[in-house]
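# Summary of the model geometry
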Amino acid sequence: MSKQNVTRRQFLNYTLTGVGGFMAAGMIMPMVRFAIDPVLKAEASGDFVATKMKVSELTGEPVRVDYSFDQKDGWYETSQTNTAWVYKTDDGKIVALSPICKHLGCTVAWNTDKENPNQFFCPCHYGRYTKDGVNVKGTPPIAPLDLYATKEKDGILYLGQLIPQ
Ligand code: FES
């Protein structure tokens, strides 16, 4: 049986390396966590938010649905309210459109232009969209309104991410 002796110099080297490594890990781990935290939370941003709208109350006529949720932006948490224009197609599919105009970002509303009924109308520069959100040719918007992902749970309408058409 051989007996290994550790010299005083080796003992100090081991001890200082261990303590130094422990302290370095204590400083680096919070930085790594801060850097990758948004990546870890990316999936949560795709979550659906419950509205107060019952799916059974939706008809073929678009209605304005406002819904609120808490949004965490860095260290700040705020309550945000979004809007969607929602209706049901003849085959029962739910369509939820963003109200943000694809010209310069004003807010569109359903059926407010007396000369062009049953369309979405943007009062800023007279932009118009058909009921399915497609921009009317010859008006300023150059793209259709974005669509919300939708789902139904316990009879309630949930809205998710915006998807370009
Ligand atoms: S912002 Fe809607 S038409 Fe210009």
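Nothing here was measured: the structure is a model prediction, and the numbers come from that model. (Residues numbered from 1 in each chain as written. Predicted model: local features only at pLDDT ≥ 70, side-chain atom pairs only at ≥ 80, totals over all residues.)

## A closer look at the UniProt feature "transmembrane region" (unreviewed entry) in the protein
- Summarizing the sequence annotation, UniProt attributes the feature "transmembrane region" (unreviewed entry) to residues 12-32 in the numbering used throughout.
- Structurally, residues 12-32 is divided into 100% helix and 0% strand, and its ends, taken at the C-alpha atoms, are 29 Å apart. (UniProt positions renumbered as here; feature names shortened; annotations may be inferred. Helix = DSSP H or I, 4+ residues; strand = E, 2+ residues; numbered from the N terminus.)

## Focus: the nonpolar core
- Core analysis: the largest hydrophobic core is formed by 18 residues, its most contacted members being Ala84, Val86, Ala96, Val108, Phe120 and Leu159.
- Where this core is concerned, the elements lending two or more residues are β3 (76-88), β4 (94-97), β6 (120-122) and β9 (156-163).
- Discounting residues that sit within four places of it in the chain, leucine 159 has contacts with Phe48, Val49, Thr51, Tyr67, Ala84, Ala96, Tyr148 and Thr150. (Core = buried A, V, L, I, M, F, W, Y, C linked by C-beta atoms within 7 Å. Buried ≥ 20, exposed ≤ 12 C-beta atoms within 10 Å, placed from the backbone. Contact = placed C-beta atoms within 7 Å.)

## Here's the deal with the domain arrangement of the protein
- Domain boundaries in the protein define domain 1 (8-40) and domain 2 (47-163).
- Using only C-alpha atoms to locate each centre, domain 1 and domain 2 end up separated by 50 Å. (Domains from an automatic or database assignment.)

## Notes on the UniProt feature "domain: Rieske" (unreviewed entry) in the protein
- What UniProt calls "domain: Rieske" (unreviewed entry) maps, in this numbering, to residues 86-159.
- The distance separating the terminal C-alpha atoms of residues 86-159 is 10 Å; by composition the span is 0% helix and 35% strand.

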